[in-house]
Amino acid sequence: MKLKSFLLRYYPPGIMLEYEKHGELKTKSIDLLDLGPSTDVSALVEEIQKAEPLITASRTEQVKLLIQRLQEKLGQHSNHTFYLFKVLKAHILPLTNVALNKSGSCFITGSYDRTCKLWDTASGEELNTLEGHRNVVYAIAFNNPYGDKIATGSFDKTCKLWSVETGKCYHTFRGHTAEIGHSAEIISLSFNTSGDRIITGSFDHTVVVWDADTGRKVNILIGHCAEISSALFNWDCSLILTGSMDKTCMLWDAANGKCVATLTGHDDEILDSCFDYTGKLIATASADGTARIFSAATRKCIAKLEGHEGEISKISFNPQGNRLLTGSSDKTARIWDAQTGQCLQVLEGHTDEIFSCTFNYKGNIVITGSKDNTCRIWR
């Protein structure tokens, strides 16, 4: 094995190694999820060298410099103020969801018209329509950071995997069947970090982990006593977080599918939940009009986000992890300080409830989707 080059990954912090093995170019990543401004760089490099034979003594100074650059980036907290850039009318029938690719150059929308559309963010031009579902397309996701595949989940009880480039359907995943034998609509869906697993949550109270390459079921998570609203992996894929209409979130061991913790405190249904990029923080959004931030390690609530005048249907961290974005039935989206829970900005202009909102990978673009049938891009 021969090391060819290093690539920096800012969110979450890490170093990508490009190396040659048997004449083939491969990549692997060194995740530095615990890196902070005060981390002892020399000690960290020593630790990395013990675990990674590709990083030889001659590379020590180079790796130190890379880690120092990551530390500088971590110290630059995003204090961005967002302004409306574009309003797009997307589908004839109502929208259900929006998602950006890693660079923010394009985004996708799901709709009651049974399609998923791919759009150019800058021009607002439609690039492709993914057709094939026989009912509402409700859950959509890119396989970021690669961004070459799109997964869609539908009320037709299937999940489909598509090519971004051609719009061709690779796979259809069928049968979200719980042990009691019924199958139901898929309402949440996400990829793991490496893109080889897809996780789906359903009205049948279960969560299924699928192998993205073969389409087979890897695990079924049973424990919630109402519909699943969100299901996703943390960055290192050790944990799965699920949110449910039963007012709780559950944390699961991704390897064995066992529940390791239940997060409580909301007075109404949990409509969305997420990890920050490092997996240290968890955020939950509820029909009770509040959002909460929990420590993933202690499972304790560390901040409560209050200010929306209606249910919060969507929540996400910016890549830096210091801001949260929420979308609500009160027709606004809000930007919050993830440490204090203070509201920093209200994004107004939609004329109906906001059901979807997300940051791009750099954290400098926000997209909001509303029942007013428009998407708004803020930057």
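Residues numbered from 1 in each chain as written. Predicted model: local features only at pLDDT ≥ 70, side-chain atom pairs only at ≥ 80, totals over all residues. Heavy atoms only, no water.

**Brief notes about the sheet that holds strand β10 (residues 149-154)**
So the rule is basically this: Strand pairing is assigned whenever DSSP identifies at least 2 bridges connecting the two strands. Secondary structure is summarised from DSSP: a helix means a run of H or I of at least four residues, a strand means a run of E of at least two, and numbering begins at the N terminus for each. Lines fitted to C-alpha atoms define the axes here, with helix axes fitted over just the stretch in contact, and angles between the N-to-C directions of these axes take values from 0 to 180 degrees.
On the basis of which strands lie adjacent, the open sheet formed by four strands has the order β9-β10-β11-β12 and antiparallel pairing. The two strands at the open ends of the sheet, each matched to only one other strand, are β9 (137-142) and β12 (169-174). For this sheet the average axis-to-axis angle between neighbouring strands, irrespective of direction, equals 20 degrees. Bridge analysis of β9 against β10 gives five bridges, and the strand direction is antiparallel. Note that in β10 the partner of F142 across the bridge is I150.

**Here's the deal with the sheet that holds strand β28 (residues 343-347)**
Whether parallel or antiparallel, the strands of a sheet pair through hydrogen bonds between backbone atoms. Here four strands make up an open sheet; going across it, the order is β25-β26-β27-β28 and the pairing antiparallel. Each edge of the sheet is formed by a strand with only one pairing partner; in this case those strands are β25 (312-317) and β28. Across this sheet, the average inter-strand angle for adjacent strands is 20 degrees, counted without regard to direction. Pairing analysis gives four bridges linking strand β27 (residues 333-337) to β28, with the strands arranged antiparallel. Along β28, the bridge assignment pairs A333 with L347.

**Topic: helix α2 (residues 60-75)**
Condition: Given a helix with a known number of residues, its expected span is that number minus one, times 1.5 Å. Here's how the labels work: a residue is buried when its accessible area is under 20% of the maximum for its type, exposed when over 50%, partly exposed in between, all with a 1.4 Å probe on protein chains only. Directions pointing from the helix axis toward each C-beta atom define the arc. Note on contacts: a residue pair is in contact if any heavy atoms of the two residues lie within 4.5 Å.
Look at α2: 23 Å from first C-alpha to last across 16 residues, which is about the 22 Å you get at 1.5 Å a residue. What α2 keeps buried is the set T60, V63, K64, L66, I67, L70 and Q71. Down the axis of α2, the smallest arc covering the buried residues is 165 degrees, so these residues share one side. Of the exposed residues in α2, those oriented more than 90 degrees away from the buried face are E61, L65 and E72. Where α2 is buried, its residues meet β1 (2-9), β2 (14-21) and α1 (41-51).

**Overview of α1**
Residues spaced three or four apart along an α-helix face the same direction, because each turn holds 3.6 residues. Keep this limit in mind: Polar contact is defined as a pair of N or O atoms within 3.5 Å, subject to the rule that within protein one atom must be able to donate a hydrogen and the other to accept it, and that residues adjacent in sequence are counted only when both atoms are side-chain atoms.
Taken residue by residue, α1 has V41, L44, V45 and I48 as its buried positions. Here the buried residues of α1 occupy an arc of 100 degrees about the axis, which is enough to place them on one side. Among the exposed residues of α1, those pointing more than 90 degrees away from its buried face are E47 and K50. Buried-residue contacts for α1 involve β3 (24-31) and α2. Between the side-chain oxygen at the start of α1 and the backbone nitrogen of S42 there is a gap of 3.1 Å, and the oxygen is on D40.

**Considering the packing of aromatic side chains**
Definition in use: For Phe, Tyr and Trp, rings pair up if their centres lie within 6.5 Å, where Trp contributes its six-membered ring, and each pair is then called stacked (planes under 30 degrees apart), edge-to-face (over 60) or tilted (otherwise). Criterion for a charge above a ring: Arg CZ or Lys NZ at most 6 Å from the ring centre, at most 35 degrees from the ring normal.
Summed over the entire model, instances satisfying the criterion amount to nine aromatic pairs. Ring centres of Y277 and Y361 lie 6.2 Å apart, and the angle between their planes is 50 degrees; this geometry places the pair in the tilted category. Taken as a pair, Y277 in the loop between β21 (270-275) and β22 (281-286) and Y361 in the loop between β29 (354-359) and β30 (366-370) lie far apart in primary sequence, 84 residues in all. One aromatic cluster is present, formed by Y10, Y11, W235, Y277 and Y361 through successive ring pairs. Directly above the aromatic system of Y10 lies the positively charged group of K73, at a separation of 4.8 Å from the ring centroid. The ring of F85 has K86 lying over it, and the distance from NZ or CZ to the ring centre is 5.3 Å.

**Observations regarding the nonpolar core**
This is how it is decided: Side-chain atoms within 4.5 Å are what join buried Ala, Val, Leu, Ile, Met, Phe, Trp, Tyr and Cys residues into a set we call a nonpolar core.
The biggest cluster of nonpolar side chains holds 26 residues, and the ones touching the most others in it are L241, L251, F275, I282, I315, F317 and L324. Looking at this core, the elements that each hand over two or more residues are β18 (239-244), β19 (249-253), β20 (259-263), β21, β22, β23 (291-295), β24 (301-305) and β25. Apart from the residues within four sequence positions on either side, F317 is in contact with C274, F275, D276, L281, I282, A283, R323, L324, A338 and F359. In terms of nonpolar packing, the next biggest core, distinct from the first, is built from 18 residues, I30, L44, V45 and L54 among them.

**Side note on the pattern of salt bridges**
For clarity, the threshold we go by: Take a side-chain nitrogen of Lys or Arg and a carboxyl oxygen of Asp or Glu: if they are within 4 Å of each other, that pair is a salt bridge.
For the structure shown, the criterion picks out 10 salt bridges. Two residues, K4 and E20, come together in a salt bridge whose shortest N-O distance is 3.6 Å. Of this pair, K4 sits in strand β1 while E20 sits in strand β2, and the two are 16 residues apart along the sequence. Between R323 and D337 there is a salt bridge, and its shortest N-O distance comes to 3.7 Å. Pair noted here: R323 is in strand β26 (residues 323-328) and D337 is in strand β27, with a separation of 14 residues, a long-range link. Relative accessible area serves as the criterion here: at 11%, R323 is assigned to the buried category.

**Examining the UniProt feature "repeat: WD" (unreviewed entry) in the protein**
What counts is decided by this rule: UniProt positions are given in the numbering used here, feature names are shortened, and annotations may be inferred rather than shown by experiment.
The residues that UniProt annotates with the feature "repeat: WD" (unreviewed entry) are residues 88-129, 130-172, 179-220, 221-262, 263-304, 305-346 and 347-379. Annotated as residues 130-172, this span is 0% helix and 53% strand, and its ends, taken at the C-alpha atoms, are 13 Å apart.

**Brief notes about the side chain of T200**
Relative to the assigned elements, T200 resides in strand β14 (residues 197-202). Overall, the relative accessible area of 0% leaves T200 in the buried class. Among the polar contacts made by the side chain of T200, one reaches the side chain of W210 at a distance of 2.8 Å.

**Observations concerning empty space enclosed by the protein**
Spelled out, the test is: Points on a 1 Å grid, built from protein atoms alone, make a cavity when a 1.4 Å probe fits but cannot get out and make a pocket when they are open with protein on both sides within 12 Å along at least 5 of 7 lines; residues with an atom within 4 Å of a point are the lining residues. Grid points are joined across faces, edges and corners, and a volume is the space filled by probe spheres set on the points. Basically, the charged four are Asp, Glu, Lys and Arg, the nonpolar ten are Ala, Val, Leu, Ile, Met, Phe, Trp, Tyr, Cys and Pro, and anything else, Gly included, counts as polar.
Taken as a whole and assessed by the stated rule, the structure comprises two cavities of 30 Å³ or more. Size it by volume and the largest cavity reaches roughly 40 Å³. Taken together, Y11, K73, L74, Q76, H77 and Q320 form the lining of the largest cavity. Taken together, the residues that form the lining of the largest cavity break down as two nonpolar, three polar and one charged. Approximately 30 Å³ is the volume attributed to the second largest cavity. Every residue along the wall of the second largest cavity is listed here: S78, H80, F82, N318, R323, I335, F359 and G363. Considered class by class, the residues forming the lining of the second largest cavity number three nonpolar, four polar and one charged.

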